[in-house]
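# Architecture at a glance
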Amino acid sequence: MDLFTFFGVNELSLGLSRLSMFPLFDTAHYIVSVMSLKEQPGAVEVAQRSPVACWFSSMLYCFGGAILSGMLLAEPPVAPLSNNSNMLLATLAWYLVFYCPHDLFYRCAAILPVRLVLSAMKEITRTWKVLGGVMQAKKTYQNGLLVMVATGWAKGAGGGLISNFEQLVRGVWKPETNELLKMSYPTKITLIGAVLFTLQQNHYLPLEQHQLMSLYTGFLVITKVRMMLTGASYPFAFVETALYHLFFAARATDTTSADKSKEPNGLPSGTCAADGKAVKAAPESCSHSALSHTRESASSVPERGKSPTGERDLAGAASKKTD
Amino acid sequence: MDLFTFFGVNELSLGLSRLSMFPLFDTAHYIVSVMSLKEQPGAVEVAQRSPVACWFSSMLYCFGGAILSGMLLAEPPVAPLSNNSNMLLATLAWYLVFYCPHDLFYRCAAILPVRLVLSAMKEITRTWKVLGGVMQAKKTYQNGLLVMVATGWAKGAGGGLISNFEQLVRGVWKPETNELLKMSYPTKITLIGAVLFTLQQNHYLPLEQHQLMSLYTGFLVITKVRMMLTGASYPFAFVETALYHLFFAARATDTTSADKSKEPNGLPSGTCAADGKAVKAAPESCSHSALSHTRESASSVPERGKSPTGERDLAGAASKKTD
Amino acid sequence: MDLFTFFGVNELSLGLSRLSMFPLFDTAHYIVSVMSLKEQPGAVEVAQRSPVACWFSSMLYCFGGAILSGMLLAEPPVAPLSNNSNMLLATLAWYLVFYCPHDLFYRCAAILPVRLVLSAMKEITRTWKVLGGVMQAKKTYQNGLLVMVATGWAKGAGGGLISNFEQLVRGVWKPETNELLKMSYPTKITLIGAVLFTLQQNHYLPLEQHQLMSLYTGFLVITKVRMMLTGASYPFAFVETALYHLFFAARATDTTSADKSKEPNGLPSGTCAADGKAVKAAPESCSHSALSHTRESASSVPERGKSPTGERDLAGAASKKTD
């Protein structure tokens with residue numbers, strides 16, 4: 001890409017792509033991840049009741065991506081545990097964030113400028129993780145584009161994707177929500193990154209690896225900082241809405257007729273009639289779901305930032321939610 | 001087996017055993033699987049809210065067997081994703097069934113004769129999958145009869161066996177039910193198939209592989225068509241009941257005494273008294289369970305074909321339920 | 001260690017370390033495990049409704065450790081199924097405990113002296129399992145101390161650690177509890193064992209393998225027998241409390257201030273205010289949790305030995321709970 005050479009940023013991006021994540025960026029990732037765990041409802045109470053569960057939960061936040069991508073490729077999910085220095089750093093971050101006297105560590109890290117820097121550094125690790133996942137999958141599946149996307153996504157946004165099971169460790173169970181039903185900002189942006197890096201690795205993009213790394217990292221950092229400072233919304237919301245309307249929503253208006261067609265004529269069961277009603281009852285069932293959600297989370301502590309509208313509260317959540 | 005040669009069906013069965021599942025039979029399997037997903041309560045609503053979750057759920061319906069058997073043998077669960085043409089077909093089936101304008105595709109496929117043919121073709125793929133699972137396990141565990149049965153069963157009925165987790169993707173959680181607690185017809189018939197193929201592969205049956213394949217496939221197709229047309233019940237229900245009474249039920253009448261014996265005399269806990277009551281309370285607890293079940297499913301949409309009697313509603317369910 | 005030689009117990013411990021677990025000790029483990037399953041609320045009812053689910057649940061009790069440690073190291077979770085003689089023994093134990101006419105088998109095994117011997121034998125297998133797990137992990141991760149601890153723990157206490165999913169097989173779902181949130185005695189003691197054996201295998205302990213095996217086995221057997229006979233509490237309770245106060249509790253008194261600090265100043269979301277309340281509401285949420293717990297378990301049968309105090313009822317539970 002000549003523009004890169006022209007502006008002399010080619011060397012810069014090459015230098016960036018050789019940056020080592022260990023120890024500084026990894027540490028920032030651990031601190032921000034454990035802080036977002038601490039901000040989950042009920043997490044502080046769990047930290048007091050059972051440090052072991054809290055530690056395990058923190059490690060799922062810190063290493064969820066590596067664990068999930070490992071499992072997808074049938075590699076040992078304990079592999080991250082064998083990296084002693086990273087485990088030590090993550091454990092230190094966990095201890096300081098949760099049990100530091102007078103909560104000094106958390107208080108300092110939560111000051112906006114500090115948190116901004118830490119969050120930006122954490123975002124930088126995402127590029128490395130997504131690329132790592134894509135290349136890990138490419139070793140085994142040379143032509144498996146989808147496998148590369150899945151593994152890159154899993155490695156970059158693993159903590160979010162396994163959140164149901166991470167919550168289970170803390171005694172919280174919210175089956176009504178998961179990252180596939182309602183993707184958070186980090187999950188979406190990681191999916192886009194996984195697709196881009198997969199295309200790049202298979203030479204479908206007119207970019208070299210270090211160039212895409214710089215562009216994606218820059219985008220991640222700028223968006224994150226902007227969202228934290230101004231509460232701006234997810235930048236691709238309109239693209240997403242357009243795609244949704246193009247491919248899925250137009251058809252969704254046919255539901256009423258779809259319901260009718262859904263009674264498989266002549267099938268012996270005779271139980272299908274209920275199904276038509278079922279789908280019409282969907283709007284009501286939404287509120288049901290929200291209700292049961294509330295009941296579920298009430299068993300630990302009230303949930304923060306509940307959004308009855310569901311889809312569009314990504315911006316607010318982004319500064320809270322880890323991948 | 002001379003009967004095979006005598007009737008000249010040996011060549012026929014040999015020809016059948018060389019049939020390729022790709023692309024026709026696989027496509028039928030994908031269409032029927034995605035259609036049964038669409039007939040699940042709440043699935044259409046999920047398709048509108050989150051196409052990603054709906055797609056993932058569909059893939060679990062289509063490739064659940066391959067994923068589960070892969071996991072059992074510690075092979076990568078993403079392996080099915082690497083098969084690009086099958087993924088494309090399954091994704092196409094998913095898109096057409098859920099989002100085709102005016103629901104045209106689903107309506108056509110749900111017409112009884114079309115659905116009959118598709119379902120019969122899907123049943124044929126079951127034979128190949130069960131045999132594939134058994135042989136996959138045999139590679140690693142030459143003497144592990146149980147491993148072969150388990151893997152064959154998992155590969156042939158994986159979608160059903162992981163249904164709890166498939167539902168979780170769609171935000172539905174019904175812990176009270178699973179395919180082990182109350183097996184559906186496809187799960188049972190696949191288990192029988194896995195046992196038969198394991199015995200055949202280890203030369204305990206006086207049949208060659210292609211002969212058993214023909215017999216089992218024929219049985220699957222005829223039973224399925226009969227069940228769809230006449231609503232006939234599961235053909236082995238009486239064998240099952242007889243076996244149950246022979247091995248398990250006779251003893252079950254001893255429960256009252258069993259309860260008493262369950263107070264481990266002299267053990268220090270002193271909490272066992274409640275247990276005797278617990279078991280006596282079982283009939284009542286059944287209705288409790290049904291209630292909570294209702295409450296659970298009410299959070300999405302009313303469940304279809306609820307059977308308070310539990311065990312004997314296989315026939316009706318069979319035409320609905322995928323493997 | 002000269003004391004060992006001095007008292008002439010070195011030969012004894014060497015002999016003990018060469019003891020074969022198969023078939024006697026393994027059988028005792030299976031019988032005691034299946035008996036503790038039978039003593040779970042609702043288990044007898046499941047045994048009557050679905051022998052398959054009951055068998056599967058029993059196998060998870062018997063082989064949970066091997067399955068979990070296999071999964072952690074990306075080895076096939078079906079591997080235990082390939083050991084035909086052990087499966088046969090475990091299946092026999094399952095059948096006799098659940099379906100023996102007049103419940104004769106369970107009644108005999110539940111007589112205190114018989115149960116004492118069986119439980120002691122089961123505890124002996126724990127040493128072998130923990131050591132096996134540690135050495136299994138050491139093959140792949142020579143320097144991964146944490147991996148060794150995790151695998152040893154998983155192999156020795158797997159049944160307990162996967163109890164949430166074992167319960168799911170029986171249609172019971174209790175997300176509020178798990179072995180990490182509230183460790184039972186066997187889980188704790190296995191963790192200690194896994195740490196000790198990991199240290200020994202890496203030459204951080206002035207003990208040889210057979211010596212540590214004897215010491216740990218002796219401790220396990222004596223503690224178990226003492227707890228069953230006198231209802232004595234967990235011997236390390238005071239150490240645990242001291243450690244907790246040293247590392248975690250002192251900081252926990254800062255929660256009120258921690259809550260305040262948890263409002264990340266200047267962050268755009270504006271939803272954090274609820275979080276402060278959330279944590280203060282924790283004591284109330286506890287009773288909520290207990291309530292929902294009751295509701296959950298009421299769907300099967302009333303739970304035995306419910307402990308509202310939570311942490312300190314280990315002794316009573318120890319004689320009930322399997323590994």
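About the cut-offs
- Residues numbered from 1 in each chain as written.
- Chains lettered and ligands numbered in written order.
- Predicted model: local features only at pLDDT ≥ 70, side-chain atom pairs only at ≥ 80, totals over all residues.
- Heavy atoms only, no water.
- Helix = DSSP H or I, 4+ residues; strand = E, 2+ residues; numbered from the N terminus.
- Buried < 20%, exposed > 50% of the residue type's maximum accessible area, 1.4 Å probe, protein only.
- Contact = heavy atoms within 4.5 Å.
- Areas by Shrake-Rupley, 256 points an atom, 1.4 Å probe, with all protein chains shown as cover.
- Core = buried A, V, L, I, M, F, W, Y, C linked by side-chain atoms within 4.5 Å.
- pLDDT = per-residue confidence, 0-100.
- Axes fitted to C-alpha atoms, helices over the stretch in contact; angles between N-to-C directions.
- Parallel < 35°, antiparallel > 145°, perpendicular 65-115°, else oblique.
- Left-handed = near helix turned anticlockwise from the far one by under 90°.
- Nonpolar A, V, L, I, M, F, W, Y, C, P; charged D, E, K, R; others polar.
- Phe/Tyr/Trp six-rings, centres within 6.5 Å; stacked < 30°, edge-to-face > 60°.
- Salt bridge = Lys/Arg side-chain N within 4 Å of Asp/Glu carboxyl O.
- Expected span 1.5 Å × (residues − 1).

## Topic: the overall build of chain A
In terms of regular secondary structure, chain A is built from 17 helices and zero strands. When burial is assessed residue by residue, chain A has 57% of its 323 residues classed as buried. Here the contacts in chain A between residues at least 6 apart in sequence split such that 76% fall between residues at least 24 apart. Carbon and sulfur atoms make up 69% of the accessible area of chain A, which amounts to about 13,100 Å² in all.

## Structural notes on the nonpolar core
Counting 212 residues, the largest nonpolar core has Phe98 of chain B together with Phe98 of chain C as its most contacted members. Apart from the residues lying within four places of it in its own chain, the contact partners of Phe98 of chain B are Val34, Leu37, Lys38, Ala43, Ala47, Cys54 and Ser58 of chain B. Of all hydrophobic cores here, the second largest spans six residues; its members include Trp173 of chain A, Leu168 and Trp173 of chain B together with Leu168 of chain C.

## With respect to the confidence of the model for chain A
Residues and elements named next belong to chain A. Confidence in the prediction for chain A averages 80 pLDDT; 75% of positions are at 70 or higher. Low pLDDT, under 50, characterises residues 252–322; the predicted model gives this stretch 152 contacts beyond four residues in sequence or across chains. Predicted complex, confidence summary: ipTM 0.77, pTM 0.80.

## Here we look at the packing of helix α3 (residues 24–38) of chain A against helix α6 (residues 84–99) of chain A
Residue and element names in this part refer to chain A. Contact pair α3 / α6: the axes reach a minimum separation of 9 Å and the direction vectors enclose 40 degrees. By the angle between their axes, α3 is oblique relative to α6. Like other packed secondary-structure pairs, α3 and α6 cross with a definite hand, here right-handed. Across the interface between the two elements, Asp26, Thr27, Tyr30, Ile31, Val34, Met35, Leu37 and Lys38 from α3 touch Asn86, Leu89, Ala90, Ala93, Trp94, Val97 and Phe98 from α6. In the contact of α3 with α6, the residues fall into 11 nonpolar, two polar and two charged.

## Focus on the packing of aromatic side chains
Here a ring pair, both rings aromatic, is described through the centre-centre distance and the interplanar angle of the planes. If you walk through the whole model with that rule in mind, you get 45 aromatic pairs over all chains. Considering the side-chain rings of Phe197 of chain A and Tyr216 of chain A, the 5.7 Å spacing of their centres and the 90 degrees angle between planes classify their relative orientation as edge-to-face. Here Tyr216 of chain A lies in helix α12 (residues 209–230) and Phe197 of chain A lies in helix α11 (residues 185–201), a separation of 19 residues in the sequence. Summarising the burial analysis for this pair, Phe197 of chain A and Tyr216 of chain A share the class buried. When the centroid spacing of 6.3 Å and the interplanar angle of 55 degrees are considered together, the rings of Phe247 of chain A and Phe248 of chain A count as tilted. Chaining the aromatic ring pairs together yields one cluster made of Trp94, Tyr95, Phe98 and Tyr99 of chain A together with Tyr244, Phe247 and Phe248 of chain C.

## A short note on the pattern of salt bridges
Residue and element names in this part refer to chain A. For the structure shown, the criterion picks out 18 salt bridges over all chains. Between Arg115 and Glu39 there is a salt bridge; the shortest N-O distance is 2.8 Å. Linking Arg115 in helix α8 (residues 112–140) with Glu39 in the loop between α3 and α4 (43–49), this pair joins segments that are 76 residues apart in sequence. Taken individually, Arg115 and Glu39 each receive the classification buried, so the pair is uniform in this respect. Across the pair Arg126 and Glu123 runs a salt bridge whose closest N-O atoms are separated by 3.2 Å. Note that Arg126 and Glu123 are positioned in helix α8 at a spacing of three residues, about one turn of the helix. Across the pair, Glu123 and Arg126 agree in class, each one buried.

## Digging into unusual backbone geometry
Here the bond from Phe22 of chain A into Pro23 of chain A is cis, since omega is 0 degrees, no more than 30 degrees from zero. If you trace the backbone, Pro23 of chain A turns up in the loop between α2 (10–17) and α3. You will see that Ala74 of chain B, though not glycine, has its phi angle at about 55 degrees, which is positive. Within the fold, Ala74 of chain B resides in the loop between α5 (51–72) and α6 (84–99).

## Structural notes on the packing of α8 of chain A against α12 of chain A
Residues and elements named next belong to chain A. The contact between α8 and α12 brings their axes to 9 Å, and the two run at 145 degrees. The two elements α8 and α12 meet at a crossing, and its hand is right-handed. On α12, the residues touching Leu112, Arg115, Leu116, Ser119, Ala120, Glu123, Ile124, Arg126, Thr127, Trp128, Leu131 and Met135 of α8 are Gln209, Met213, Tyr216, Thr217, Leu220, Val221, Lys224, Val225, Met228 and Leu229.

## Some points on the side chain of Asn86 of chain C
Residues and elements named next belong to chain C. Among the secondary structure elements, Asn86 is positioned in helix α6 (residues 84–99). For Asn86, a relative accessible area of 10% gives the class buried. Those residues in contact with Asn86 that lie beyond four places of it in its chain are Phe22, Asp26, Tyr30 and Phe63.

## Side note on α8 of chain A
It helps to recall that an α-helix has 3.6 residues per turn; residues three or four apart then point in one direction. In this model, α8 of chain A (29 residues) spans 43 Å end to end at C-alpha, consistent with the 42 Å of a helix rising 1.5 Å per residue. With 21 of its 29 residues buried, α8 of chain A lies for the most part within the structure.

## Digging into α6 of chain C
Taking 1.5 Å per residue, 16 residues should reach 22 Å; α6 of chain C reaches 22 Å between its end C-alpha atoms and fits that length. Listed as buried for α6 of chain C are Asn86, Met87, Ala90, Ala93, Trp94, Val97, Phe98 and Tyr99 of chain C.

## Side note on the environment of Met121 of chain A
Residues and elements named next belong to chain A. Residue placement: Met121 occurs in helix α8. Considered as a pair, Met121 and Lys182 are 61 residues apart in the sequence and their alpha carbons are 26 Å apart. Excluding residues within four positions of it along the chain, Met121 makes contact with Leu24, Phe25 and Ala28.

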